[in-house]
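Coordinates in review
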Amino acid sequence: MVQESILALTDYAEATGLIEPEDRRYTINRLLELFALDEIEEEIESSWADRPKMDQQQAEDALEGILKDLLDYACEHELIEENSVVYRDLFDTKIMGLLVERPSDVRKKFYRLYEKNPVDATDYFYKLSRDSDYIRRYRVKKDLKWTADTEYGDLDITINLSKPEKDPKAIAAAKLAKQSGYPKCLLCKENEGYAGRINHPARQNHRIIPVTINHSDWFMQYSPYVYYNEHCIVFNAKHTPMKIERATFGKLLDFVKQFPHYFVGSNADLPIVGGSILSHDHFQGGHYEFAMAKAPIEKEVTFAGFEDIKAGIVKWPMSVIRLSGADTDRLIELADKILTCWRGYTDEQSFVYAETDGEPHNTITPIARKRGDAFELDLVLRNNITTAEHPLGVYHPHAKLHHIKKENIGLIEVMGLAVLPARLKDEMAALKEAVLNGDDLRSNPALEKHADWVEEFLPKYENITPDNIDDILHKEIGLVFCEVLKDAGVYKCDEAGRAGFARFIDAVNQ
């Protein structure tokens, strides 16, 4: 069986273009070595040769099963320490690493294509990242995704199921494992080709592309979880902390100059309103248009001395200033002026404090894109102040919404994509049955936290049936996410909020 699986994986590699036909024997031999085998029996190889070749789609559909068979064999023959997802992931990455070209070859091919067209280059690199199983297609497909129609456009909703749950034994082993500072974090360039360990994922099948932005060395890769199309990560060659500053705007705009079909943005650089990795400066981008990018200007504004830059407040549940112009130097200058003003801005009337007890609170989540001949910068005002009433953050999802979303609101959520926890899959399935059966939610410990929400939306619907319950839950979760974004917005979408926003615009103009 394992011999057939080795031949099937070699077929996969050939069908997807990971290897050329001339590489076939070499690839088989490398796989034999990994599985401590001496040969493919002649009879097996002869009968296998009569099989029709896979095409790309057939190869994609087959990979999960091929790897499962190989991993089962590896467990049975003690090539894997434990038969758990962590150890299996370490080993199957080692398998796939045997099929991927060296970094130098990948980079040469990327830039050869880039000279013709940046789209061709990213198409190649994205396909490679999926075919190599760095992006595990079969796991990403498990994510639940839909759109929710709201007053701010169609928001994207996803319940993230592509990150596997760790086995308790693996969690315990990770705690006991020797702590290593190599690589320093999951984003460092040293991850490329790294074998991994119990407390750090394997990356033998991982490739990164060097890019120079704003005269500094960075790299580009794709996210293994691809929350949206061609979800890429652009990261500093040095392990240096996140920092939103004038140079950030230059880097973002320089990136979209080089890859005009991509947007790129940065998480904020403070806890609560920042991303999950603040220790390594990085951006996220991709070939996708979020609801925020489609949102219109609600009110045009003018910044003194920058009349050549179109500016306005975006119709969005968070507080967004959009700048647009052909001259990127002018955009950078104005964006830096707004950032500098916001960093030191306090407005007690709006509960905006630049700092308390020496701790800074104000920062910006910036996003850049190219729109025709013009460049756009969206500057989202953020503040991470906490209070006794809101210990996780005043401008963070409030406790009422934690039954759906409690986690930080980072760049992806800011733009209009809710990344919701995996627990909601089972909770919504149970909630669906409970609503249809008329059960008392408060008597169910797993569903009690959703009771207030359900009681609030049920009266809106005259007739809830098995045919419409899914659509109703999807719609209502979308509306909750809309409220989450409103909570994260510094200036609320009401008269007092608009007045507060106007005061800040006046402060920039002073």
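In this report, we go over the structure that sits alongside the text. (Residues numbered from 1 in each chain as written. Predicted model: local features only at pLDDT ≥ 70, side-chain atom pairs only at ≥ 80, totals over all residues. Heavy atoms only, no water.)

1. With respect to the overall build of the protein
- Each helix and strand counted, the protein has 17 helices and 15 strands in total.
- The C-alpha atoms of the protein give a radius of gyration of 25 Å, which matches the 24 Å a tight globule of 510 residues would have.
- C-alpha atoms of the protein, sized along the principal axes, occupy 80 × 60 × 45 Å.
- Out of the 510 residues belonging to the protein, those deemed buried represent 55%.
- Within the protein, contacts between residues separated by at least 24 positions form 64% of all contacts whose residues are at least 6 apart in sequence.
- Working note: accessible area of the protein is about 23600 Å², and carbon and sulfur atoms make up 48% of it. (Helix = DSSP H or I, 4+ residues; strand = E, 2+ residues; numbered from the N terminus. Rg over C-alpha atoms; globule rule 2.2 N^0.38 Å. Buried < 20%, exposed > 50% of the residue type's maximum accessible area, 1.4 Å probe, protein only. Contact = heavy atoms within 4.5 Å. Areas by Shrake-Rupley, 256 points an atom, 1.4 Å probe, with all protein chains shown as cover.)

2. Some details on the sheet that holds strand β2 (residues 153-159)
- Taken together, the three strands give an open sheet; going across it, the order is β1-β2-β15, and neighbouring strands pair in mixed fashion. Edge positions in the open sheet fall to β1 (144-150) and β15 (417-420), since each of these has one partner strand only. Direction aside, the axes of adjacent strands within the sheet are offset by 20 degrees on average. (Pairing = 2+ DSSP bridges. Axes fitted to C-alpha atoms, helices over the stretch in contact; angles between N-to-C directions.)

3. With respect to a negative patch on the surface
- A surface patch of negative charge is lined by D38, E39, E41 and E43.
- With respect to the helices and strands, the residue E43 is situated in helix α3 (residues 42-48).
- Given a relative accessible area of 69%, E43 falls into the exposed group. (Patch = residues over 30% accessible without salt bridge, like charges linked within 9 Å, V, L, I, M, F, W, Y side chains within 5 Å. Salt bridge = Lys/Arg side-chain N within 4 Å of Asp/Glu carboxyl O. Lys, Arg positive; Asp, Glu negative; His and termini not counted. Charge placed at Lys NZ, Arg CZ, Asp CG, Glu CD.)

4. Let's talk about the environment of G489
- Tracing the sequence through the fold places G489 in the loop between α16 (469-488) and α17 (495-509).
- For the pair G489 and V320, spaced 169 residues apart in sequence, the C-alpha separation works out to 8.8 Å.
- Discounting residues that sit within four places of it in the chain, G489 has contacts with P317, M318, S319 and Y395.

5. Comments concerning unusual backbone geometry
- A cis amide bond links Y182 with the next residue in sequence, P183, at an omega value of -15 degrees.
- Mapped onto the fold, P183 is located in the loop between α9 (168-176) and β3 (209-213).
- The phi torsion at E230 lies on the positive side, around 55 degrees, for a residue other than glycine.
- In the Ramachandran plot, I272 falls in the positive-phi region, its phi being about 75 degrees despite a non-glycine side chain.
- Along the chain, I272 turns up in the loop between β6 (263-265) and β7 (282-286).

6. Remarks on the sheet that holds strand β9 (residues 310-314)
- Read from one edge of the open sheet, 10 strands run β3-β4-β5-β7-β6-β13-β14-β10-β9-β8, paired in antiparallel fashion. Each edge of the open sheet carries a strand with a single partner, namely β3 and β8 (297-301). Across the sheet, the mean angle separating the axes of adjacent strands is 25 degrees when strand polarity is ignored.
- Across four bridges, the pairing between strand β5 (residues 232-236) and β7 is antiparallel. Across the sheet, residue C232 finds its bridge partner in β7, namely G285.

7. Topic: the side chain of Q3
- Looking at where Q3 falls in the secondary structure, it is placed in helix α1 (residues 2-16).
- The class of Q3 is buried, set by a relative accessible area of 12%.
- A polar contact of 2.7 Å, which involves the side chain of Q3, links it to the backbone nitrogen of E41.
- Excluding residues within four positions of it along the chain, Q3 makes contact with E39, I40, E41 and I44. (Polar contact = N/O pair within 3.5 Å; in protein donor to acceptor, adjacent residues only side chain to side chain.)

8. Side note on the packing of aromatic side chains
- This model, assessed by the stated rule, comprises 27 aromatic pairs.
- Seen from their ring centres, Y152 and W316 are 6.3 Å apart, and the 75 degrees between their planes marks the pair as edge-to-face. You can see Y152 sitting in the loop between β1 and β2 and its partner W316 sitting in the loop between β9 and β10 (320-325), a full 164 residues away along the chain. No difference in accessibility class separates Y152 from W316, as the two residues are buried.
- Taken together, F110, Y111, Y114, F125, Y126, Y222, F255 and F259 form an aromatic cluster joined through their ring pairs. (Phe/Tyr/Trp six-rings, centres within 6.5 Å; stacked < 30°, edge-to-face > 60°.)

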